[in-house]
Each structure stands twice: as structure tokens, then as C-alpha cells.
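Analysis of the macromolecular model
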Amino acid sequence: MNYQKLDAALATALNDVQDSQEPSLGVFIHTEPVLNSAATAILESLGVSGVTSGKDIFTATLSPNAISQLSEQSWVKYLKRSQQLRLVNRKINTPKLGV
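Residues numbered from 1 in each chain as written. Predicted model: local features only at pLDDT ≥ 70, side-chain atom pairs only at ≥ 80, totals over all residues. Heavy atoms only, no water.

**Description of the nonpolar core**
Which entries qualify depends on this criterion: The nonpolar core is taken to be a set of buried Ala, Val, Leu, Ile, Met, Phe, Trp, Tyr and Cys residues, with the residues joined through side-chain atoms within 4.5 Å. Burial classes: relative accessible area under 20% of the type maximum marks a residue as buried, over 50% as exposed, and values in between as partly exposed (1.4 Å probe, protein chains only). Only DSSP runs of H or I reaching four residues or more are called helices, and only runs of E reaching two or more are called strands; each is numbered from the N terminus.
Ile29, Leu43, Leu62, Ile67, Leu70, Trp75 and Leu79 are the most contacted members of the largest nonpolar core, which totals 23 residues. Where this core is concerned, the elements lending two or more residues are α1 (8–16), β1 (25–31), α2 (37–45), β2 (57–62), α3 (64–71) and β3 (76–81).

**Some details on α2**
This is how the line gets drawn: Here the arc refers to the set of directions running from the helix axis out to each C-beta atom. In this analysis, two residues are considered to be in contact whenever any of their non-hydrogen atoms come within 4.5 Å of each other. Distance and chemistry together define a polar contact, namely a pair of N or O atoms within 3.5 Å, with one atom able to donate a hydrogen and the other to accept it when in protein, and with adjacent residues in sequence counting only for side-chain atoms on both sides.
All of the buried residues along α2 are Ala39, Thr40, Ile42 and Leu43. In a view along the axis of α2, the buried residues occupy a sector of 160°, so they form one face of it. Along α2, the residues that are exposed and aim more than 90 degrees away from the buried face are Ser37 and Ser45. In this fold, the buried residues of α2 make contact with β1, β2 and α3. For α2, the side-chain oxygen to backbone nitrogen distance between the N-cap and Ala38 is 3.1 Å, and the N-cap itself is Asn36.

So, to be careful, I would describe these as geometric facts and stop short of saying anything about function.
If you want it as C-alpha cells, here you go:
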């Protein structure tokens with residue numbers, strides 16, 4: 001694992017994962033702008049969708065083993081943890097206008 005390519009949130013999250021084979025971490029994969037066919041094949045084999053030429057940021061849900069494998073690739077610049085966004089569902093107290 002090349003920890004220099006991981007952001008702090010991702011490095012911390014890796015410590016909390018029970019199963020290193022289970023794809024459970026959402027990540028942004030930042031790569032070189034031009035990927036060769038071997039790099040494209042690696043990304044696709046890990047389940048990364050939308051791998052096209054000229055694109056340099058990808059999102060995927062990966063296992064710690066897959067993250068480790070990607071962190072060792074020379075064409076990967078860095079890996080960043082993606083957080084699940086949630087809708088805020090609470091009432092806002094607004095005063096009632098009366099006559």
C-alpha cells in the first residue's frame with residue numbers, strides 16, 4: 001500500500017474495514033489524463049465504470065485490497081475517500097403569520 005497516495009480520510013477508513021475483500025469504500029480515483037490499455041483494463045477489472053480516454057477522475061466502491069493495488073500503480077496520482085451524501089430531513093421552525 002502506498003499511503004502517500006491516500007488522503008487522511010481514506011487511510012483512516014481502511015483501518016475500520018473488517019473484510020479486506022469486500023468492496024465497501026467509496027473512492028475518487030485521480031489518474032494521469034491519458035491511460036493506456038493496461039490501465040484501462042485494471043480499472044475495469046476492479047468494477048470502475050465509465051473508463052474513457054481523456055477522463056482523469058473516476059468514482060468506485062472498492063475493497064481495501066483493490067485500493068492497495070491501485071495505490072501501487074504509477075498512473076494513479078491519488079485516491080480520495082468519497083462520503084455518502086444524505087438529505088437533511090428536518091423541519092425548519094418558521095413563525096406562523098396570523099391576522
